Amino acid sequence: SFIGEESVAAGEGSILTDNPTWIIDPIDGTTNFVHRFPFVAVSIGFVVNKKIEFGIVYSCIEDKMYTARKGKGAFCNGQKLQVSGQQDITKSLLVTELGSNRDPETIKIILSNMERLLSIPIHG
């Protein structure tokens with residue numbers, strides 16, 4: 001099976017089943033792309049029994065290929081990636097995405113979540 005982000009965004013229905021399924025977003029960062037902001041990627045995932053098996057993200061502008069496979073780790077251009085060893089949240093950098101849904105109820109939830117995040121004494 002195939003699930004494409006652009007078709008789902010256009011309102012077409014899509015159901016994830018247990019069948020092997022490719023999930024593809026050919027322009028991940030569409031808003032960035034439209035505004036010529038250089039953070040755009042091609043994102044591909046492969047799912048079996050509703051569980052991700054592997055994913056690939058190609059950051060076009062940076063010419064970086066990110067890959068990850070269940071139980072095998074993540075890589076950038078073939079080099080293994082590791083999470084930060086930082087355990088003190090006050091020295092951490094928080095990055096978030098607000099999404100594109102402007103429904104009033106969704107906005108309330110997003111702002112509530114942001115308020116909780118901003119009350120954490122993070123580094124930035």
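The name that an unreviewed UniProt entry assigns to the protein is inositol-phosphate phosphatase, with the source organism given as Calyptomena viridis. According to UniProt, the comment filed for the protein under the heading Pathway (unreviewed entry) is "Polyol metabolism; myo-inositol biosynthesis; myo-inositol from D-glucose 6-phosphate: step 2/2." Of the protein, the UniProt comment under Sequence similarities (unreviewed entry) reads exactly: "Belongs to the inositol monophosphatase superfamily."

For the rest of this paragraph, the subject is the UniProt feature "binding site: Mg(2+)" (unreviewed entry) in the protein. UniProt records the feature "binding site: Mg(2+)" (unreviewed entry) for Glu5, Asp25, Ile27 and Asp28 in the present numbering. A stretch of 24 residues holds the annotated residues, and the largest C-alpha distance among them is 8.7 Å, short enough that they meet in one place. From this annotated list, the subset lining the largest pocket comprises Asp28. Within the local environment of aspartate 25, its side chain forms a polar contact with the backbone nitrogen of isoleucine 27, the two atoms lying 3.3 Å apart. Looking at the element boundaries, isoleucine 27 is found in strand S2 (residues 21–28).

What counts and what doesn't
- Residues numbered from 1 in each chain as written.
- Predicted model: local features only at pLDDT ≥ 70, side-chain atom pairs only at ≥ 80, totals over all residues.
- Heavy atoms only, no water.
- UniProt positions renumbered as here; feature names shortened; annotations may be inferred.
- 1 Å grid on protein atoms, 1.4 Å probe; cavity = no way out; pocket = protein on both sides within 12 Å on 5 of 7 lines; lining within 4 Å.
- Polar contact = N/O pair within 3.5 Å; in protein donor to acceptor, adjacent residues only side chain to side chain.
- Helix = DSSP H or I, 4+ residues; strand = E, 2+ residues; numbered from the N terminus.

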